[in-house]
Amino acid sequence: MNDRTAVYVIEDSVHLRAEISHNLSSLGVRSVVFNDVSELPAKIDRAVIFLFRHESSCRALIDKYRADHAPVSAKVEFSCNAGFEKAVAAIREGASDFVVWPSEPTLLDRAIRRAEEDLRRNQPAKVMGGRAKEKVAMLTSRERQVLGDVINGCTTERIAAKLAISPRTVDIHRRNVLSKLNVRNTAQAIVIALSSGEFHPANDAFAMSPAYA
């Protein structure tokens, strides 16, 4: 069984798309071709590799799409014009590899395998982050406020004073957070919150004020 990761080729040249697809097929790699980002599916739940031209006007849109709709993905960039600076820029901006087109089969295969290795190394964290984001999305705005303050080290009393609510109400929000995130304790809730990428520890002048110590 072929266990190679599918490659999504985004290229506006019909001839080049066909050529790239043929070369990938000769390596035993399945490819799906697109003219531009607008043709991509609403969401990609499986691991995929994006292959596109370094000079493409939609590079930024592809990166945004990956972050929002394809959390388990890697990218390889190519250029029809060799250039060390292009390769450096591509790798610096998160590409697994860079190839000059037309590419020798061995070099193309190496680039795709590097992307597959990046996926194997990063997939568990990305999957966890995606699931964590789904769980956090169930929280109300007030529950998110309370969870954010808990992450920043605030006690129930500090949070109550900060939000102008009673300590009992804070405790209710905290219990709701644990229930919605399906965890047993605050430590587990914090792990999920930070994994979602939507919460970031910060120094809170009000929370850390001696008046509320």
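Owing to the predicted nature of the structure, the values given are computational and were not obtained by experimental measurement.

Asks: Kindly report on the overall build of the protein chain, identifying the contributing residues and their values.
Replies: Counting its secondary structure elements, the protein chain contains eight helices and five strands. When the helices and strands of the protein chain are read in sequence order from the N terminus, they spell out β-α-β-β-α-β-α-β-α-α-α-α-α. Relative to the 2.2 N^0.38 estimate, which gives 17 Å for 213 residues, the radius of gyration of the protein chain is 23 Å and therefore markedly larger than a compact globule would have. Overall, the protein chain is about 65 × 40 × 30 Å in size when its C-alpha atoms are taken along their principal axes. Evaluated residue by residue, the protein chain yields a buried proportion of 40% over its 213 residues. At a minimum sequence separation of 6, the contacts of the protein chain that also span at least 24 residues come to 63%. Summing over all exposed atoms, the protein chain offers an accessible surface of approximately 11,700 Å²; the carbon and sulfur share of this is 54%. Of the side-chain charges in the protein chain, 30 are positive and 26 negative, and the distance between the mean point of each set is 7 Å.

Asks: Describe the packing of aromatic side chains, listing the residues and the values that go with them.
Replies: For the structure on display, the rule yields four aromatic pairs. Geometrically, the ring pair formed by Tyr8 and Phe34 is tilted, given 5.2 Å between the ring centres and 45 degrees between the ring planes. Highlighted residues: Tyr8 in strand E1 (residues 7-10) and Phe34 in strand E2 (residues 31-34), separated in sequence by 26 residues. Accessibility assignment for this pair places Tyr8 and Phe34 in one class, buried. With 5.8 Å between their ring centres and 75 degrees between their planes, Tyr8 and Phe50 make a pair best called edge-to-face. Taken as a pair, Tyr8 in strand E1 and Phe50 in strand E3 (residues 48-53) lie far apart in primary sequence, 42 residues in all. Each member of the pair, Tyr8 as well as Phe50, is classed as buried. In textbook terms, an aromatic cluster arises when at least three aromatic residues are bridged by ring pairs, as seen for Tyr8, Phe34, Phe50 and Tyr65.

Asks: Now, about the pairing of E1: what can you tell me, with residues and values included?
Replies: Side chains Val7 and Val9 project from E1 onto one buried face, and the interleaved Tyr8 and Ile10 project onto a second face that is buried too. In this sheet, E2 lies alongside E1 in parallel orientation, the contact comprising four bridges. Pairing of Val7 across the sheet is with Ser31, part of E2. As paired strands, E1 and E3 are joined by four bridges and run parallel to one another. Within E3, the residue paired with Val9 across the bridge is Leu51.

Asks: Got a sec to walk through the confidence of the model for the protein chain? Specific residues and values, please.
Replies: Considering every residue of the protein chain, the mean pLDDT works out to 88; 90% of them sit at 70 or more. For the protein chain, the element scoring lowest by mean pLDDT is helix H4 (residues 105-136), at 83; E1 scores highest, at 98. Predicted confidence for residues 204-213 stays below pLDDT 50, and this span has 14 contacts to residues more than four positions away or in other chains.

Asks: Can you break down the nonpolar core residue by residue, with the values?
Replies: Within the largest apolar cluster, 19 residues are counted, with the highest numbers of intra-cluster contacts made by Val7, Ile20, Leu24, Leu51 and Ile112. Residue assignment for this core shows that the elements contributing at least two residues are E1, helix H1 (14-26), E3, strand E4 (73-79) and H4. In this structure, Ile10, Phe50, Cys58 and Ala70 belong to the second largest nonpolar core, which totals 13 residues.

Procedures and definitions
Residues numbered from 1 in each chain as written. Predicted model: local features only at pLDDT ≥ 70, side-chain atom pairs only at ≥ 80, totals over all residues. Heavy atoms only, no water. Helix = DSSP H or I, 4+ residues; strand = E, 2+ residues; numbered from the N terminus. Rg over C-alpha atoms; globule rule 2.2 N^0.38 Å. Buried < 20%, exposed > 50% of the residue type's maximum accessible area, 1.4 Å probe, protein only. Contact = heavy atoms within 4.5 Å. Areas by Shrake-Rupley, 256 points an atom, 1.4 Å probe, with all protein chains shown as cover. Lys, Arg positive; Asp, Glu negative; His and termini not counted. Charge placed at Lys NZ, Arg CZ, Asp CG, Glu CD. Phe/Tyr/Trp six-rings, centres within 6.5 Å; stacked < 30°, edge-to-face > 60°. Pairing = 2+ DSSP bridges. pLDDT = per-residue confidence, 0-100. Core = buried A, V, L, I, M, F, W, Y, C linked by side-chain atoms within 4.5 Å.

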